[in-house]
Amino acid sequence: SAVISQKPSRDICQRGTSLTIQCQVDSQVTMMFWYRQQPGQSLTLIATANQGSEATYESGFVIDKFPISRPNLTFSTLTVSNLSPEDSSIYLCSVDAGVGETQYFGPGTRLLVL
Amino acid sequence: ILNVEQSPQSLHVQEGDSTNFTCSFPSSNFYALHWYRWETAKSPEALFVMTLNGDEKKKGRISATLNTKEGYSYLYIKGSQPEDSATYLCASTGTASKLTFGTGTRLQVTL
C-alpha cells in the first residue's frame with residue numbers, strides 16, 4: 001500500500017488566481033495520477049505524471065490550464081491556473097501498484113472559487 | 001454502455017438492513033473492476049479489485065460479484081451499520097492504468 005498526503009486540504013480562491021496542490025507519497029512510484037471531481041460528477045482523470053517526462057493529459061484538459069510538475073519519484077504538484085467558479089472541485093492525486101491493480105488516493109483538496 | 005454507471009444514486013437504510021448497489025461498465029476492452037469506499041474528507045479506500053468473470057470477493061460484511069460478459073458488478077453490504085455510511089465508487093480499467101469512475105452511490109445508514 002501507499003500513504004499519500006496532499007496540501008492544502010481545502011482553499012477558497014478568487015477568480016483569475018492560481019492554486020498549486022502538492023502530493024507527497026511515502027514510497028517511490030513511477031506514475032502519479034491527478035483526478036478532479038466536480039459537484040455531482042464522477043471522478044475524472046486529468047493527467048498522468050511520470051518522473052522525468054511531460055505529463056500526459058486526458059481529452060479536455062490542457063497543460064496551460066493544469067501544469068504539472070514531477071521533480072522526483074515521491075512528489076508531484078498540480079496547478080489550476082486562471083481560476084473560474086467552474087474549477088470548484090475536489091482534486092485528488094493517486095498512485096497505483098501496477099496495471100489493473102489498486103490505486104491509492106490522497107485525501108483530496110477541496111477548492112472553492114469565488 | 002459507453003460509460004460506467006452506478007445505481008442507485010443514493011440510498012438511505014436502517015441499521016441492520018442489507019443492501020446492494022449496481023455498477024455497469026463497458027464489457028469491451030475490460031481489464032479490471034474496482035470498488036472504493038469514500039468518506040467525506042478522507043481518501044477513497046480500496047475495497048476490491050476484480051478481473052475474472054464470476055469473481056466474488058468478500059471483506060467482512062461487504063462482498064462483490066463480477067460479470068464481465070454482460071458488464072456489471074454488484075456490491076452487497078450485510079447488516080448495515082452507521083459506519084458504513086459513505087459514497088461507494090466503482091471504476092473500470094482497460095489495459096492501461098486509467099480508472100473510469102461512475103458517479104457513485106451515496107449510502108446513509110441510520111439507527
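The notes below deal with the structure included here. The residue count restarts for each chain, going from 1 along the sequence in the order it is written. Following the order in which they are written, the chains are lettered starting with A and the ligands numbered starting with 1. Two thresholds apply to this predicted model, a pLDDT of at least 70 for residue-level local features and 80 or more for giving and counting side-chain atom pairs, whereas whole-chain, interface and lining totals are computed over all residues. Water and hydrogen atoms play no part in the side-chain values, which are based on all heavy atoms of the structure.

## Some remarks on the overall build of chain A
Inference 1: For the purposes of this entry, the term helix denotes a DSSP run of H or I that reaches at least four residues, the term strand denotes a run of E that reaches at least two, and both are numbered from the N terminus. Check the secondary structure of chain A and you find 0 helices and 11 strands.
Inference 2: Going residue by residue from the N terminus, the α and β elements of chain A occur as β-β-β-β-β-β-β-β-β-β-β.
Inference 3: Taken over C-alpha atoms, the radius of gyration is set against a globule rule of 2.2 Å times the number of residues to the power 0.38. Radius of gyration (C-alpha) of chain A: 13 Å, near the 13 Å computed for a compact globule of 114 residues.
Inference 4: Across its three principal directions, the C-alpha atoms of chain A cover 40 × 25 × 25 Å.
Inference 5: Out of the 114 residues in chain A, the part that is buried amounts to 52%.
Inference 6: Should any heavy atoms of two residues lie within 4.5 Å, those residues are counted as being in contact. Here the contacts in chain A between residues at least 6 apart in sequence split such that 52% fall between residues at least 24 apart.
Inference 7: When charges are counted, Lys and Arg are positive and Asp and Glu negative, with His and the chain ends excluded. In plain terms, the charge of a residue is placed at NZ if it is Lys, CZ if Arg, CG if Asp and CD if Glu. Between the averaged position of the 7 positive side-chain charges in chain A and that of its 9 negative side-chain charges there is a distance of 9 Å. Categorising residues by exposure relies on relative accessible area from a 1.4 Å probe, with only protein chains included: less than 20% of the type maximum marks a residue as buried, more than 50% marks it as exposed, and the intermediate range marks it as partly exposed.

## What to know about the environment of G52 of chain A
Residues and elements named next belong to chain A.
Inference 1: Structurally, G52 can be placed in the loop between β5 (44-50) and β6 (56-57).
Inference 2: Given the relative accessible area of 71%, G52 is considered exposed.
Inference 3: In sequence terms G52 and Y35 are 17 residues apart; their C-alpha atoms lie 20 Å from each other.

## Observations regarding the sheet that holds strand β3 (residues 19-25) of chain A
Residues and elements named next belong to chain A.
Inference 1: At least two bridges found by DSSP between two strands is the condition for calling them paired. Strand order in the open sheet formed by 4 strands is β1-β3-β8-β7, with antiparallel pairing between adjacent strands. Each of the sheet's edge strands pairs with one partner strand only, and the pair in question is β1 (4-7) and β7 (68-72). Pairs of neighbouring strands in the sheet enclose a mean axial angle of 15°, with direction left out of account.
Inference 2: Where β7 and strand β8 (residues 75-80) come together, 3 bridges link them in antiparallel fashion. The residue bridging N72 from the neighbouring strand is F75, located in β8. Where helices are involved, their axes are fitted lines through C-alpha atoms of the stretch in contact, as for all axes, and angles between N-to-C directions lie from 0 to 180°.

## Considering a nonpolar patch on the surface
Residues and elements named next belong to chain A.
Inference 1: Like charges are joined within 9 Å and nonpolar side chains (Val, Leu, Ile, Met, Phe, Trp, Tyr) within 5 Å, but only among residues with over 30% relative accessible area and no salt bridge; these make up the patches. Per-residue and other accessible areas follow the Shrake-Rupley method at a 1.4 Å probe size, with only the shown protein chains counted as cover for residues. Salt bridge criterion: a side-chain nitrogen from Lys or Arg within 4 Å of a carboxyl oxygen from Asp or Glu. Together, I12, L112 and L114 make up an exposed nonpolar region whose accessible area comes to about 280 Å².
Inference 2: Along the polypeptide, L112 turns up in strand β11 (residues 109-113).
Inference 3: For L112, a relative accessible area of 39% translates into the label partly exposed.

## Points about unusual backbone geometry
Inference 1: Of the consecutive residues K7 of chain A and P8 of chain A, the connecting peptide bond is found in the cis state with omega at -10°.
Inference 2: Looking at the secondary structure, you find P8 of chain A in the loop between β1 and β2 (10-13).
Inference 3: Each neighbour pair has its own omega, and for S7 of chain B with P8 of chain B the value is -5°, a cis peptide bond.
Inference 4: Structurally, the position occupied by P8 of chain B is in the loop between β1 (5-7) and β2 (10-14).
Inference 5: Here N82 of chain A, not a glycine, exhibits a phi torsion of approximately 45°, which is positive.
Inference 6: In this fold, N82 of chain A is placed in the loop between β8 and β9 (89-96).
Inference 7: Positive phi values are uncommon outside glycine, yet N29 of chain B reaches one of about 55°.

Function cannot be inferred from these measures alone, as they are strictly geometric.
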